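If you want the building blocks of each chain, they are given just below.
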Amino acid sequence: MAGTMSFRRIALFCLPVITYSFSAVAAPVAVQPLARVALDNRTHAEVFSQGVTAAISVAPTTRCGGFMILEDSPGASPSCSIATLTLSGSGTQPVAFPLGTYGTEDSGLRDLRISLYHLDPATPGPQVLISAWTGGAHCCGLTSIFSENADGVWRHIEPGAQDGDGEPEVVDIAGDGNAEIVTSDQAFLYTFASHAGSYTPSVIQRFHNGALQTVTRDPVYRAFLNNDLARREKEWISSGRGEPNGFLAYYVATKALTGDFSNAWRYMLASKQTGQDNDFGISLCSLKPVADEKNCSEAEKRIMPFPQGLAVFLTRTGYITADQARAVLSPVPAAGSSVASGRYHPDFSCEQPPENNGVAIMLCQNSEAAKHELEFDQVYYALRQQVGKDNWKVLRQDAILDENAMNLSCGLPIPGQGDQSIPPGGDSCYISGIDRVTEKYRSRLTGPAAEEARRPIDRHIELQQKLIDLGYLPAGSVADGVYGESTRAAIQTWQRVAHRPDTGGFITDSDAASLLDNAPATTVAASGPASEPVKTATPAMTPLTQPVPAPQMRPSDRTIFGFTIGIALLLLAFGLSLYILPFVIACIRDTTKKGAVLAVNLCFGWTLIGWVAALVMAVSFETRSDYELRQQAFSKIISG
């Protein structure tokens, strides 16, 4: 629960091969209307079938205000032309409904049409479907369905505005003689791509007892959805895979409707657009009510990474549950409870492992190596708690140097550079090396911190899970045995509630026994998972060289030589300091992409353009504090 380790954050994806197995199903049969008429340029149109008469008349009037079925009131205009729908059934008096203004060049309805369908088998007469177009490049087709109740009262319901003109598609998908209305989810337009690059999931509805029922998730429609998805994916691929996130949002949503969300999510991770598109996406600000958007901070206005934004969006729109979102966004796989699974996972997600980083891949594949990494993390975070915030940066820099030196001594690849394969015996060398580093940091612990750090990692996981079960950490949190900042806060809260003698945030042996065996019944409601602090380390370091023995020389020579070497070393130190200044600034600012800054700094810093580019990256990338603020708010959204 300490968050991802930034020195392994550059993502590397294993592209999954997605195969499709769609059920053979006939194309849905279009349901023909019982009768249909278009108003066109006329002022009156009428249609009749099975005892129901529907007529539209357009007439000028000076009474332009008031309620309209298909549009907002035109207000206090002195004059306008109003389209009125008149309905009558068997033995009932005609009833008039004002639809809206009609026929003006700049506003009003256009292309009014009446269609009679038998949408509800439970009613003796047909339903009246009115459709119109508002005009505009991408909007809007308006529809209203009128149905006569058993008591002779006409009521209407609106399926919602649809992009483009024309009435909704009325088909018989299941082949059972019943009509379904197929529209699309307009919320996907412009959210993750431009209008041309946006794909919208199908929405399937049935009309029954005067109401529209959304039945898209019914298993009987899965073949229809899968066939439609296969067709549209083929179109997307043949058109050059433009704006992939627009298609992938539709793809994941549709697969979620058919019960195949997990596979679709992996496909999305392998196919998504790399880099951040700040023109489209979800931000914390966009999730607020419109009235509150003007009060958004700069951090809240930043676009979330596409997977995170998509998970929030699909949760908000009902395609997936909050538990599904947490599962795919969890920093550790759901089986990460080592006690329960028998396997250990590193402190970053192996579903989206760091890119071009052989050590990270090794930790995902080698359970024992991951266990020893978690043991180091636990000791590191205990020492972090002991030294206090004022010394966090110094401690982090020490850890960077020690881990990089250990990796270098084992011949492990430098992340982002060259061949990332692990040499023979590299994993066992990593285990012994990280153990030495762990003992070095453990020796600096004293008192309760030292007592806590001697505890096995499985015991830490068990204790952390207990804090989750009692509500001191948010439900859905994953116990990995690493006590980051939110876990420390949870420990201190439990210590105060349980009236423990020490509330410093360390779990002593006495605390552990009390928490597991005699935990108080009182639980607390967690407001949402707080982002854990991230232990930062660099993916590379300058190779070390062995010292060359100096030849014997006279005292005077030694003095001159020593002075020359001193000056040279000072110049070298100054040059190196200036050379890596962009990376140092990135560390001081605690940006979220130190690895990228370091890669540019090391590989291209010898050129003035490369050095300036690294410096610009260091001062412009998002800081960890802003990232944690967004993560905390996101977690509250997912939990709430």
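Figured I'd write up the structure that's included with this text. (Residues numbered from 1 in each chain as written. Predicted model: local features only at pLDDT ≥ 70, side-chain atom pairs only at ≥ 80, totals over all residues. Heavy atoms only, no water.)

## Describing the environment of Gly-416
Moving on, step 1. Structurally, the position occupied by Gly-416 is in the loop between helix H10 (392–409) and helix H11 (426–442).
Moving on, step 2. The class of Gly-416 is partly exposed, set by a relative accessible area of 40%.
Moving on, step 3. Between the C-alpha atoms of Gly-416 and Asn-357, which are 59 residues apart in sequence, the distance is 6.2 Å. (Helix = DSSP H or I, 4+ residues; strand = E, 2+ residues; numbered from the N terminus. Buried < 20%, exposed > 50% of the residue type's maximum accessible area, 1.4 Å probe, protein only.)

## Some words on the sheet that holds strand S6 (residues 95–101)
Strand pairing in a sheet relies on backbone hydrogen bonds. The paired strands run either parallel or antiparallel.
Moving on, step 1. Ordered by their spatial adjacency, four strands build an open sheet running S3-S4-S5-S6, and the pairing between neighbours is antiparallel. Sheet topology places strand S3 (44–49) and S6 at the edges, where each strand pairs with a single neighbour. Between one strand axis and the next, the sheet turns by 20° as a mean value, whatever way the strands run. (Pairing = 2+ DSSP bridges. Axes fitted to C-alpha atoms, helices over the stretch in contact; angles between N-to-C directions.)

## Section: the packing of helix H2 (residues 244–257) against helix H3 (residues 261–271)
Moving on, step 1. Orientation of H2 relative to H3, taken along the N-to-C sense of each, is 170°, at an axis distance of 8 Å. When the axis of H2 is compared with that of H3, the two are roughly antiparallel. When H2 is examined against H3, the residues Pro-244, Leu-248, Tyr-251, Val-252, Lys-255 and Ala-256 are found in contact with a partner set consisting of Phe-261, Ala-264, Trp-265, Tyr-267, Met-268 and Ser-271. (Parallel < 35°, antiparallel > 145°, perpendicular 65-115°, else oblique. Contact = heavy atoms within 4.5 Å.)

## Digging into unusual backbone geometry
When glycine is set aside, most residues are seen to have a negative phi, and most peptide bonds are trans.
Moving on, step 1. Even without being glycine, Asp-40 reaches a positive phi, approximately 55°.
Moving on, step 2. Tracing the chain through its elements places Asp-40 in the loop between strand S2 (35–38) and S3.
Moving on, step 3. Despite not being glycine, His-499 shows a phi value in the positive range, around 55°.
Moving on, step 4. Here His-499 shows up in the loop between helix H14 (485–497) and helix H15 (509–517).

## Some remarks on the pairing of strand S9 (residues 141–148)
Moving on, step 1. A large share of S9 lies buried, amounting to eight of its eight residues.
Moving on, step 2. Taken together, the six bridges between strand S8 (residues 127–133) and S9 define a ladder with antiparallel strand orientation. Bridge pairing links Ile-130 to Ser-144 in S9.
Moving on, step 3. Hairpin connection of S9 to strand S10 (residues 154–157): five residues between the antiparallel strands, including Gly-152 at a positive phi of 85°.

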